[in-house]
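# Overview (structure and organization)
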Amino acid sequence: MTIDPRIVRRRRLASRLMMGLCVGAALAALAVLASILLKLLARGLGALSWRVLVEPTPPPGSEGGLSNAIVGSLLMTGIAILLATPIGVLTGTWLAEYARKSRLAEVVRFINDTLLSAPSIIIGLYVYVMVVLPSGHFSGWAGAVALALIAIPVVVRTTEDMLVLVPDQVREAAVALGMPVWRMIVRVTWRAAAKGVLTGVLLAVARVSGETAPLLFTALNNQFSTWNMAHPMPSLPVVIFQFAMSPYKDWQELAWAGALLISASVLLLNIAARNMASRGDR
Amino acid sequence: MDVIERPLDTAAKRVPSGLGLDAPFRWLTRGAALLVVAALGAMLAVLVIWSWPALSRFGPAFIVSGHWNPVTEVFGASAPIAGTLITSAIAMAVGAPMAVGIAIFLNELCPYRLRGPLGVAIELLAAVPSIIYGMWGLFVVAPLFANHVYPVLITWLGPLPVVGQLFQGPPFGIGMLTAGLILAVMVLPFIASVSRQVLASVPAVLREAAYGLGATKWEVARHVLIPHARRGLIGGMMLGLGRALGETMAVTFVIGNAHRISASLLQPGTTISATLANEFTEASGDIYLSSLVALGLILSGVTFLVLLGARYMLARADRKMPT
């Protein structure tokens, strides 16, 4: 049997071409990442200064910083995580320790997955109706609740995933020693899964701190510094949105400074979570 | 007797008390879970109740009509609905094949030492906040497209029959195509990650058998890997589509926010999420607000169905973390 060398050549060529396209796709994605990071560094570092951290947002044409937005972001993210962590961890615990494969557990899992991938602007819409309208005004609380609703499903998912990894023999051993089940969960399985759960919380912080859409009509914005959660509250992403879309050069500069701050913290949180997760594996 | 009873007695005292807390703890965790259920239930109720005034007043015209006028309080949402569908379609057309290509590259071609770092780099694309994509789109991509890409498309593809319709008008640099392409980058890491997992689950024996028959790398990918991982790949793509449909900030920056449907992909438009982001705080009047919530309901419905599909496909696919 003879093989037509032309066919072989054509097949090889087709393979080279398609594999070349695969490499090209990967290079293109890396180029995009590089372009984003370089642009952030180039524009952000130039705009970053001490003033950005300590002065509140200025009216167009005068100098100022982002301190009020930074404070707002930290407050709302912090409160959101404080709300989301207990609810998320307890729900994950119920799924992994008590309900397991029951019908209701399947429902909760399904709903959690739905919340996990619900468009974040819809969450904003929902909190607007549930919190902003009844209270009569935009507030930091509404923003924190919206962010918490985004963080909860992340925490639920990781908590359950981590608790499921704890072998049942460990649970049986603890109960056989006479521990009540709740104590077994708190002292044994939670401890075994602590690192993974913390990773989930870190990922939730990373996810939440870059969110803009759910804050647009819950916390709104505020030109002034405020620590009062009952007032409309500025946040870094919303200020970046407002300033970047504005025609004023100095506002755009501040937007880049803010963008660098947000991206750096989100990427660092992600890398930290990743490190922790991989150390947990060993 | 005394001798035996005493140690038992003290032992009984040392047993950790708190058995009584078992039921409360159980109910505490159960309560948290029910809270999550209630949150979604209330969300659905809010969306339906609040969108009812607009939906009952405009009927099917709400979806069909493109007439969106806050002044006369007549709302037809075909422009944002079409915008959402078109930008997501562009994102999938560009992003899905690229993502599968990246997965094939990382799993099959890439030298072992580079797989880890390159995989992480691709996944970092998913960690970049969407507002950063928006800024990047507005300040980097839009000027680039306005000066170098759109003019070329208009000159070369514009005059063509049929297809030319898609590439007409002045080169603003912002519009459906720009938004779609940025969405493509944003869905890449999600699809690529799932694709890597399903491609890694293809048994090595199949791969070796195909290579043993003399198949080229592309033939193995095309006829062995992709068919075997088909369900998972489609599931991953639907997961990406779910993201693209609901993405707000990145799109709002570069879509141009024009309430109209134009045949050209190079012209400004709007999407459901961008309309919500831009107009919600300014919405005066109940029917305006209700119309915006109705848009949210439609978006949630579509996203939910797509994610349901993704779940269905992924539940039937083998997955394995790539090495």
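Residues numbered from 1 in each chain as written. Chains lettered and ligands numbered in written order. Predicted model: local features only at pLDDT ≥ 70, side-chain atom pairs only at ≥ 80, totals over all residues. Heavy atoms only, no water.

## Looking at the overall build of chain A
- Along chain A, the regular secondary structure elements total 11 helices and zero strands.
- Helices and strands in chain A line up, N terminus first, as α-α-α-α-α-α-α-α-α-α-α.
- Whereas a compact globule of 282 residues would reach a radius of gyration of roughly 19 Å, chain A reaches 24 Å, over 25% beyond that.
- In terms of its C-alpha atoms, chain A occupies a principal-axis envelope of roughly 75 × 75 × 35 Å.
- Surface summary for chain A: the accessible area is close to 12,900 Å², and the carbon and sulfur share equals 67%.
- Chain A carries 24 positive and 14 negative side-chain charges, and their two centres are separated by 10 Å. (Helix = DSSP H or I, 4+ residues; strand = E, 2+ residues; numbered from the N terminus. Rg over C-alpha atoms; globule rule 2.2 N^0.38 Å. Areas by Shrake-Rupley, 256 points an atom, 1.4 Å probe, with all protein chains shown as cover. Lys, Arg positive; Asp, Glu negative; His and termini not counted. Charge placed at Lys NZ, Arg CZ, Asp CG, Glu CD.)

## A few points about the packing of helix H4 (residues 78-109) of chain B against helix H5 (residues 112-127) of chain B
Residue and element names in this part refer to chain B.
- Put simply, H4 and H5 touch, their axes get as near as 10 Å, and they point 165 degrees apart. By the angle class used here, H4 and H5 are roughly antiparallel. Regarding H4 and H5, the two cross each other, and that crossing is left-handed. Contacts between H4 and H5 involve Ile 102, Phe 105, Leu 106, Asn 107, Glu 108 and Leu 109 from the first element and Arg 115, Leu 118, Gly 119 and Ile 122 from the second.
- The residue makeup of the contact of H4 with H5, split by class, is six nonpolar, two polar and two charged. (Axes fitted to C-alpha atoms, helices over the stretch in contact; angles between N-to-C directions. Parallel < 35°, antiparallel > 145°, perpendicular 65-115°, else oblique. Left-handed = near helix turned anticlockwise from the far one by under 90°. Contact = heavy atoms within 4.5 Å. Nonpolar A, V, L, I, M, F, W, Y, C, P; charged D, E, K, R; others polar.)

## A few points about the environment of B:Ile132
- Structurally, B:Ile132 can be placed in helix H6 (residues 130-156).
- It is 32 Å that separates the C-alpha atoms of B:Ile132 and B:Val163, two residues lying 31 residues apart in sequence.
- Ignoring sequence-local partners within four residues, the contact set of B:Ile132 consists of A:Ile36, A:Leu40, A:Ala259 and A:Ser263.

## Brief notes about the pattern of salt bridges
Residue and element names in this part refer to chain A.
- Here the structure, examined in full by the defined rule, presents 15 salt bridges over all chains.
- Notably, a salt bridge pairs Glu 97 with Arg 171, separated by 2.7 Å at the nearest N-O pair. Here Glu 97, found in helix H3 (residues 67-99), pairs with Arg 171, found in helix H7 (residues 168-176); they are 74 residues apart in sequence, far enough to count as distant. Each of the two residues, Glu 97 as well as Arg 171, counts as buried.
- The network of salt bridges with shared partners includes Glu 97, Arg 100, Asp 168 and Arg 171. (Salt bridge = Lys/Arg side-chain N within 4 Å of Asp/Glu carboxyl O. Buried < 20%, exposed > 50% of the residue type's maximum accessible area, 1.4 Å probe, protein only.)

## A few points about the interface of chain A and chain B
- Taken together, the contact between chain A and chain B spans 78 residues of the former and 78 residues of the latter.
- For the pair chain A and chain B, the summed buried surface comes to about 7,000 Å²; carbon and sulfur atoms form 82% of the total.
- Inspection of the region where chain A meets chain B yields three salt bridges.
- For the pair chain A and chain B, the interface holds 12 residue pairs in polar contact (both at pLDDT 80 or more).
- If one sorts the elements of the side of chain A that touches chain B by residue count, helix H1 (residues 5-47) of chain A sits on top with 19 residues. (Buried area = accessible area lost by both parts, 1.4 Å probe. Polar contact = N/O pair within 3.5 Å; in protein donor to acceptor, adjacent residues only side chain to side chain.)

## Focus: the environment of A:Trp50
- Examined against the element boundaries, A:Trp50 turns out to sit in helix H2 (residues 50-54).
- Along the chain, A:Trp50 and A:Gly65 lie 15 residues apart, while their C-alpha atoms are 8.5 Å from each other.

## Concerning the packing of aromatic side chains
- In total, this model carries 16 aromatic pairs over all chains according to the counting rule given.
- With a centroid separation of 5.4 Å and an interplanar angle of 70 degrees, the aromatic rings of A:Phe241 and B:Phe253 are classed as edge-to-face. Placement of A:Phe241 in helix H10 (residues 236-244) and of B:Phe253 in helix H11 (residues 249-254) is noted, with the two residues assigned to different chains.
- With 6.4 Å between their ring centres and 20 degrees between their planes, B:Phe58 and B:Phe62 make a pair best called stacked. Both residues of the pair, B:Phe58 and B:Phe62, count as buried.
- Put simply, the rings of B:Phe58, B:Phe62, B:Trp68, B:Phe75 and B:Tyr288 touch in pairs and so form one group of aromatic residues.
- Here the guanidinium or amino end of B:Arg115 rests over the ring plane of B:Tyr112, the centre of that ring lying 4.4 Å away. (Phe/Tyr/Trp six-rings, centres within 6.5 Å; stacked < 30°, edge-to-face > 60°. Lys NZ or Arg CZ within 6 Å of the ring centre and 35° of its normal.)

## Thoughts on helix H2 (residues 22-58) of chain B
Residue and element names in this part refer to chain B.
- Here H2 spans 54 Å end to end across 37 residues, near enough to the 54 Å set by a 1.5 Å rise per residue.
- Approximately 45 degrees is the largest bend angle found in H2, and it occurs at Trp 52, with the proline Pro 53 only one to four residues beyond.
- The positive-phi residue at the C-terminal boundary of H2 is Gly 59, with phi of around 65 degrees. (Expected span 1.5 Å × (residues − 1). Bend = angle between axes of the 7 residues up to and from the residue.)

## Quick notes on the packing of helix H7 (residues 176-200) of chain B against helix H10 (residues 230-246) of chain B
All names here are of chain B.
- Two numbers describe how H7 lies on H10: the axes approach to 8 Å, and their chain directions differ by 155 degrees. Viewed along their axes, H7 and H10 adopt a mutual orientation that is roughly antiparallel. Once H7 is placed against H10, the crossing between them reads as right-handed. Two secondary-structure elements touch here, H7 through Leu 183, Val 187, Phe 190, Ile 191, Val 194, Ser 195 and Val 198 and H10 through Gly 232, Leu 233, Gly 236, Met 237, Leu 239, Gly 240, Arg 243 and Ala 244.
- Its residues placed into classes, the contact of H7 with H10 shows 10 nonpolar, four polar and one charged.

## Let's talk about the domain arrangement of chain A
Residues and elements named next belong to chain A.
- Its domain assignment divides chain A into domain 1 (5-47) and domain 2 (52-281).
- The distance between the C-alpha centroids of domain 1 and domain 2 comes to 34 Å.
- Summing both sides of the interface, domain 1 and domain 2 together bury roughly 740 Å²; the carbon and sulfur share of this comes to 72%.
- Of all residues in domain 1, Leu 40, Arg 43 and Ala 47 give up the largest surface area on contact with domain 2, accounting jointly for 69% of the area buried on that side.
- The closest approach of N and O atoms between Arg 43 and Glu 253, which form a salt bridge, is 3.5 Å.
- Seen at the junction of domain 1 and domain 2, the total is zero residue pairs in polar contact (both at pLDDT 80 or more).
- Classifying every residue of the side of domain 1 that touches domain 2 gives five nonpolar, one polar and two charged. (Domains from an automatic or database assignment.)

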